[in-house]
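# Fold and contact review
Chain by chain, the residues:
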Amino acid sequence: MADIHKNDVDAISGVSTTGHEWDGIKELNNPLPRWWLWTFYVCILWSFLYWIAYPAWPLVTSYTYGVLGWKSREAIQTDLADLRAQRAAFGDKLAAASLEEIEQTPELLAFARAQGRAAFGDNCAPCHGAGGAGSKGYPNLNDDDWLWGGSLEQIQTTILHGARSTDANAHVGDMLAFGRDGVLQRPEIVAVADYVRSLSDLPPPAGVTPDLAKGKEVFAANCAACHGDEGKGNTELGAPNLTDGIWLFGSDRDSVIATITNGRGGIMPAWSGRLDPTTIKALTVYVHSLGGGK
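Residues numbered from 1 in each chain as written. Predicted model: local features only at pLDDT ≥ 70, side-chain atom pairs only at ≥ 80, totals over all residues. Heavy atoms only, no water.

## What about the environment of Ala-96?
When you line up the elements, Ala-96 lands in helix H3 (residues 72-96). Exposure remark for Ala-96: the relative accessible area of 68% places this residue in the exposed category. Between the C-alpha atom of Ala-96 and that of Thr-278, which follows or precedes it by 182 residues, the distance is 9.0 Å. (Helix = DSSP H or I, 4+ residues; strand = E, 2+ residues; numbered from the N terminus. Buried < 20%, exposed > 50% of the residue type's maximum accessible area, 1.4 Å probe, protein only.)

This is the structure:
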């Protein structure tokens, strides 16, 4: 076969063919450059040397360590130890300083915010968002509306013990399910929902004439104990301010009715025991500095 085509030269390129032909298309005899072939062979040789020098071969319960004895786990542990050593100076100062002292010391504040931001991204961002803006059911940490208080000490307490968590010192306080538990009837729930929306100057839906007098009466009898007579909220109970236009579960009429009917009680985990005290300090300062800390 090769003898038949050895003198077959492509008329356009002037290159002889290999003898392979598909649907009238002939393959030109253009060998790969020698430099490319040698590079390819060197890469193959390097791969064998790498298999021998570094961990590469899986065993039944372990793996080969390689003749160099290098281990990725040990390398990571070494890097972490180096990082801890670099942070030690500021870390010790951070651990010894009070929250107020940290915020009043520019170098400590910068270090705390950097460490707190990293901890926030790893632990808090899945619920509160990367920038702390929150979402439906998860509070926005950039505003000045705080369920359990926005001072440094209050934020630290919330992070340490959580809300409705298994921690013995966690914040407690649930929004009752007034409709589901039969405390209020549907007309009362609708009336108080319209009244609560009016506290934030939200207009009623088109074609709806709310009975605000009845809603105010139901509110005074059932809601004021937690939210206050004027609906300003109570941070000791985690009862939100109903007059500031900030709504955790939605401000439309149906959402407010659903909240009153079925209640609300989100859970924030306790981070004490999961994060070390210094990291919790840094996280507290970072959250406080997002814009809404008091």
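Here the narrative resumes, following the displayed structure.
## Description of the packing of aromatic side chains
As enumerated under the stated definition, the model contains twelve aromatic pairs in all. Plain terms: the ring middles of Trp-36 and Phe-40 are 5.6 Å apart, the flat faces sit at 15° to each other, and that makes the pair stacked. One end of the pair is Trp-36 and the other is Phe-40, both in helix H2 (residues 34-53) and four residues apart, which spans about a single turn. Seen from their ring centres, Tyr-50 and Tyr-54 are 4.8 Å apart, and the 25° between their planes marks the pair as stacked. The partly exposed category is assigned to Tyr-50, whose relative accessible area is 38%. Linked through ring pairs, Trp-36, Trp-38, Phe-40 and Tyr-41 together constitute an aromatic cluster. (Phe/Tyr/Trp six-rings, centres within 6.5 Å; stacked < 30°, edge-to-face > 60°.)

## Points about the nonpolar core
Counting residues in hydrophobic clusters, the biggest one holds 17 residues, and the most contacted among them are Val-192, Phe-219 and Ile-260. Put simply, the parts of the chain that give this core at least two residues each are helix H8 (186-199), helix H9 (212-222) and helix H11 (253-262). For this core, the leading source of residues is H8, giving seven residues. Setting aside chain neighbours within four positions, we find Phe-219 in contact with Val-192, Tyr-195, Val-196, Ala-224, His-227, Gly-228, Asp-229, Gly-231 and Leu-242. With 15 residues, the next largest nonpolar core counts Ala-119, Ile-159, Trp-271 and Tyr-286 among its residues. (Core = buried A, V, L, I, M, F, W, Y, C linked by side-chain atoms within 4.5 Å. Contact = heavy atoms within 4.5 Å.)

## Side note on the UniProt feature "binding site: heme c 1" (unreviewed entry) in the protein
When the UniProt feature table is mapped onto this chain numbering, "binding site: heme c 1" (unreviewed entry) sits at Cys-124, Cys-127, His-128 and Met-268. For this annotated set, covering 145 residues, all C-alpha atoms fall within 10.8 Å of each other, a compact arrangement in space. Along the chain, the position of Cys-124 falls in the loop between helix H5 (106-123) and helix H6 (125-128). Take Cys-124: its relative accessible area is 11%, and that puts it in the buried class. Dropping the residues within four chain positions of it, Cys-124 is found in contact with Ala-119, Gly-129 and Leu-283. (UniProt positions renumbered as here; feature names shortened; annotations may be inferred.)

## Overview of the packing of helix H7 (residues 152-161) against helix H12 (residues 277-288)
The geometry of H7 relative to H12 is characterised by a closest axis approach of 9 Å and an angle of 125° between their N-to-C directions. Considered as vectors, H7 and H12 are oriented oblique to each other. Considering how the two elements wind past one another, H7 and H12 form a crossing that is right-handed. Touching Leu-152, Ile-155, Gln-156, Ile-159 and Leu-160 of H7 are Ile-280, Lys-281, Leu-283, Thr-284, Val-285, Val-287 and His-288, all from H12. For the contact of H7 with H12, the class distribution of residues is eight nonpolar, three polar and one charged. (Axes fitted to C-alpha atoms, helices over the stretch in contact; angles between N-to-C directions. Parallel < 35°, antiparallel > 145°, perpendicular 65-115°, else oblique. Left-handed = near helix turned anticlockwise from the far one by under 90°. Nonpolar A, V, L, I, M, F, W, Y, C, P; charged D, E, K, R; others polar.)

## Description of the domain arrangement of the protein
Taken domain by domain, the protein consists of domain 1 (73-170 + 268-291) and domain 2 (186-262). Placing a centre on the C-alpha atoms of domain 1 and another on those of domain 2 gives a separation of 33 Å. Summing both partners gives a buried area of about 870 Å² for domain 1 against domain 2, and 60% of it is carried by carbon and sulfur. Inspection of the domain 1/domain 2 interface yields zero salt bridges. Where domain 1 packs against domain 2, one counts one residue pair in polar contact (both at pLDDT 80 or more). For the side of domain 1 that touches domain 2, the class distribution of residues is five nonpolar, three polar and three charged. (Domains from an automatic or database assignment. Buried area = accessible area lost by both parts, 1.4 Å probe. Salt bridge = Lys/Arg side-chain N within 4 Å of Asp/Glu carboxyl O. Polar contact = N/O pair within 3.5 Å; in protein donor to acceptor, adjacent residues only side chain to side chain.)

## Considerations on the UniProt feature "binding site: heme c 2" (unreviewed entry) in the protein
UniProt's feature table lists "binding site: heme c 2" (unreviewed entry) at Met-175, Cys-223, Cys-226 and His-227, given in the numbering used throughout. Despite a sequence span of 53 residues, these residues sit close together in the fold, their greatest C-alpha distance being 10.4 Å. Excluding anything up to four places from it in sequence, Cys-226 contacts Gly-233, Asn-234, Leu-237 and Ala-239. For His-227, the contacting residues outside a window of four places in its chain are Met-175, Phe-219, Lys-232, Gly-233, Ala-239, Pro-240 and Leu-242.

## So, the pairing of strand E1 (residues 17-22)
With three bridges connecting them, E1 and strand E2 (residues 25-28) associate as antiparallel partners. Within the sheet, the bridge partner assigned to Glu-21 lies in E2 and is Lys-26. Counting the residues in the hairpin turn of E1 and E2 gives two residues, including Asp-23, whose phi is positive at 50°. (Pairing = 2+ DSSP bridges.)

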